[in-house]
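# A look at the structure
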Amino acid sequence: MTLAGSAPIRVMFVCLGNICRSPMAEAIFRHRVTQRGLTDRFVIDSCGTGDWHVGGPADERTIRTLQGRSVDIDHVARQLDARTDVDDWDLFVVMDSMNHRDVLKAGIPLEKVRLMRSFVPAHRSMGERAPAVPDPYEGTIDDFASVYEMLVEACDAMIDDLLIAREGDDQPSTKVLP
Ligand code: 4NP
């Protein structure tokens, strides 16, 4: 890991529509970073590989799930633009194998791409075969609650991993470009 210097780590969460999983991941990650007093260490955003919801809000079930847990969300959906995003972001954190394939196809290099749940210690050795954060769009509010729990676990593990990587005081699983 080469996270030299004190520049913030620029993290882009990616899903398909940018209305369910990646905005929820962005909101949870920001919430946990704020709670831990680490806001100056990260720049955070999210996007979708698809364009169906560009300019619109998060899914109302995403909003309801977060608001019920006192996590703020203020979101306008946008699509990945690999031509500019590739240089603007250090790390693209995708939710499932389809997102993984699609960001690579769009031109994001493999070393900048990680599956969200591969940060969880139990899945770390699985790398690209780590379990997905399943798409809840066609599901129920309970599916959104389940996604929320997965994302809380993964966001906390991710913060730990990235900070360890930056400080170089342990064995991070992440390789983030400087
Ligand atoms: P997301 O969920 O990728 O977690 O935002 C979806 C949202 C919308 C669609 C698919 C997945 N869609 O097909 O419109």
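Residues numbered from 1 in each chain as written. Predicted model: local features only at pLDDT ≥ 70, side-chain atom pairs only at ≥ 80, totals over all residues. Heavy atoms only, no water.

### Quick word on the overall build of the protein
This is how it is decided: The secondary structure listing takes helices from DSSP runs of H or I that are at least 4 residues long and strands from runs of E that are at least 2 residues long, numbered from the N terminus. Based on C-alpha atoms, the radius of gyration is set beside the globule rule, defined as 2.2 Å times the residue count to the power 0.38. In this scheme, a residue with accessible area under 20% of its type's maximum is buried, one over 50% is exposed, and one in between is partly exposed, where area comes from a 1.4 Å probe on protein chains only. Should any heavy atoms of two residues lie within 4.5 Å, those residues are counted as being in contact. Note on areas: these come from Shrake-Rupley sampling with a 1.4 Å probe, and a residue is covered only by the protein chains present in the view. Positive charges are assigned to Lys and Arg, negative charges to Asp and Glu, while His and the chain termini are left out of the count. Charge placement uses NZ in Lys and CZ in Arg. For Asp and Glu, CG and CD serve respectively.
Within the protein one finds five helices and four strands. Secondary structure elements in the protein, listed N-terminal to C-terminal, are β-α-β-α-α-β-α-β-α. In terms of C-alpha radius of gyration, the protein reaches 15 Å, essentially the compact-globule figure of 16 Å for 178 residues. The principal-axis extent of the C-alpha atoms belonging to the protein is close to 40 × 35 × 30 Å. Within the span of the protein, comprising 178 residues, buried residues form 49% of the whole. Contacts spanning at least 24 positions in sequence make up 70% of the contacts within the protein whose residues lie at least 6 apart. For the protein, the exposed area adds up to about 8,400 Å²; of that, 50% sits on carbon and sulfur atoms. Taking the average place of the 20 positive charges on the side chains of the protein and the average place of its 29 negative ones, the gap between the two points comes to 3 Å.

### Concerning helix α2 (residues 60–67)
This is how the line gets drawn: Arc definition: it is the arc formed by the directions from the helix axis to the C-beta atoms. Pairs of N or O atoms are called polar contacts if they sit within 3.5 Å, as long as, within protein, a hydrogen donor faces a hydrogen acceptor (for residues adjacent in sequence, only side-chain-to-side-chain pairs).
Along α2, the residues classified as buried are Arg61, Thr62, Thr65 and Leu66. The buried residues of α2 all sit within an arc of 130° when viewed along its axis, so they share a single face. Backbone nitrogen of arginine 61 and a side-chain oxygen of the N-cap are separated by 2.8 Å at the start of α2; the cap is aspartate 59.

### Observations regarding the layout of surface pockets
Operational definition: Only protein atoms enter the calculation, which uses a 1 Å grid: trapped sets of points that fit a 1.4 Å probe without letting it out are cavities, open sets showing protein on both sides within 12 Å along at least five of seven lines are pockets, and any residue with an atom within 4 Å of a point is a lining residue. Grid points are joined across faces, edges and corners, and a volume is the space filled by probe spheres set on the points.
Taken as a whole, the largest pocket encloses approximately 150 Å³ of empty space. Residue lining of the largest pocket: Pro23, Glu26, Ala27, Arg30, His31, Thr34, Val71, Asp72, Ile73, Asp74 and His75, and that is the complete set.

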